[in-house]
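# Coordinate inspection notes
For reference, the chains in residue letters:
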Amino acid sequence: MFKSKLCQLLNIKYPILQGGMAWVATAELAAAVSNAGGLGLIGAGFMPPDVLRKEIQKTKTLTNKVFGVNIMLMSPFVKEVMQVVIDERVSVITTGAGNPGEFIPALKEIGTKIIPVVASVALAKRLVRIGVDAIIAEGQESGGHIGEISTMSLIPQIVDAVNIPVIAAGGIADSRGFVAALALGAQGVQIGTRFVASLECIAHENYKAAILKARDRSTVVTGIATGHPVRIIANKFTREYEAMEKRGASAEELDAMGTGRLRIAAREGDVDNGSVMMGQICGMITDIKSVNDIIQDIIGGIPKVLRGINETI
Ligand SMILES: Cc1cc2nc3c(=O)[nH]c(=O)nc-3n(C[C@H](O)[C@H](O)[C@H](O)COP(=O)(O)O)c2cc1C
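Quick summary incoming for the structure in this document. (Residues numbered from 1 in each chain as written. Predicted model: local features only at pLDDT ≥ 70, side-chain atom pairs only at ≥ 80, totals over all residues. Heavy atoms only, no water.)

## Some points on the sheet that holds strand E3 (residues 67–72)
- The strand order across the open sheet built from 8 strands is E1-E9-E8-E6-E5-E4-E3-E2, with neighbouring strands paired in parallel fashion. In the strand order of this sheet, the two ends are held by strand E1 (16–18) and strand E2 (40–43), each with one partner. On average, each strand axis in the sheet is inclined to that of its neighbour by 25°, with strand direction left out of account.
- With 4 bridges connecting them, strand E6 (residues 135–138) and strand E8 (residues 166–169) associate as parallel partners. When the bridges of E8 are listed, Glu138 appears paired with Ala169.
- Across the sheet, helix H6 (residues 121–129) is in contact with strand E5 (113–118) and E6; its angle to E5 comes to roughly 165°. (Pairing = 2+ DSSP bridges. Helix = DSSP H or I, 4+ residues; strand = E, 2+ residues; numbered from the N terminus. Axes fitted to C-alpha atoms, helices over the stretch in contact; angles between N-to-C directions. Contact = heavy atoms within 4.5 Å.)

Pasting the structure below:
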């Protein structure tokens, strides 16, 4: 067990969380990560409550380790899915897009740990005041919905601003990224893109192939105009979306254009017309491995990274 307070808080062996990614982080991926010593999470996205309940129950059949659920607070079913999480006694929830405040008392009562994803110091401080257990600080190099600040700049500023464990997300896929995050003061990491390119992830093979093919500059950010920036691979869909933005399309038209696109990419394998979310670290990912190998490679590579640092300073 790592000595970090985060491992004790979450009852995990390695301080590695798997991003709760809509449409790709299902029971299979969550259980594989938890079985390998990290914290696996189901990405609830906009899942209806009955679908989430089945996914949680399936995860329980695949692992006896702790796992969590990522809840998008903008989901139309947010109240119902929170109730499912409570009924099923899920150990950890991570939340995206907002403030989970109204749900905290009920979750605390059953001992569920609440870890919001944030992209600014101000939001981190506000959420600490309402009693969350840890913070995931996510840099703009991440895949999916993002903020404006890079991981390198965001992590130390949030670490300095709060007195609870900080987990770094965005651009981490190997031992070097892991050690760098800890050097910035984080107690653990959250990894998204690297886990999509795993054997256990149910994402369509075309999606995984797109990650392997991608280079450092392959992603773009859409949705800046509507206030919902998303990092995805540049493709036919992003070119059409950008053309609509230039034509001055309304926020409603742009939102409608983006709806359902992650599903067609992740589940149907349409990587031309779909939203192929991935982080900038995609350029470094060149193979599909088991989740256990991904985690063991990160953990096993730490001494070499530390030796390299010692030789340099
Ligand atoms: C395909 C995909 C879907 C994602 N969906 C969500 C989501 O539903 N909720 C969320 O909080 N974060 C989501 N994220 C962000 C991840 O949870 C994670 O924080 C991010 O991928 C970390 O950056 P990395 O991809 O550079 O590792 C998604 C990321 C990807 C790549």
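And the narrative resumes.
## With respect to helix H2 (residues 27–35)
- Most of H2 is tucked away, with 7 of its 9 residues classed as buried.
- For H2, the secondary structure elements touched by its buried residues are E1, E2, helix H3 (49–62), E3, helix H9 (193–196) and helix H14 (291–300).
- The positive-phi residue at the C-terminal boundary of H2 is Gly37, with phi of around 105°. (Buried < 20%, exposed > 50% of the residue type's maximum accessible area, 1.4 Å probe, protein only.)

## Here we look at the packing of H6 against helix H7 (residues 151–161)
- Between H6 and H7, whose axes approach to 9 Å, the crossing angle comes to 30°. As H6 runs across H7, the sense of the crossing is right-handed. Across the interface between the two elements, Val121, Ala124 and Lys125 of H6 pack against Gln157, Ile158 and Ala161 of H7.
- Grouping the constituent residues of the contact of H6 with H7 by class yields 4 nonpolar, 1 polar and 1 charged. (Left-handed = near helix turned anticlockwise from the far one by under 90°. Nonpolar A, V, L, I, M, F, W, Y, C, P; charged D, E, K, R; others polar.)

## Overview of the pairing of strand E11 (residues 230–233)
- Here 2 bridges tie strand E7 (residues 144–145) to E11, and the two strands are oriented antiparallel to one another. Across the sheet, His145 pairs through a bridge with Val230, a residue of E11.
- For strand E10 (residues 219–222) and E11, the ladder comprises 4 bridges, and the chain directions are antiparallel. Bridge assignment links Thr219 to a residue of E11, and that residue is Ile233.

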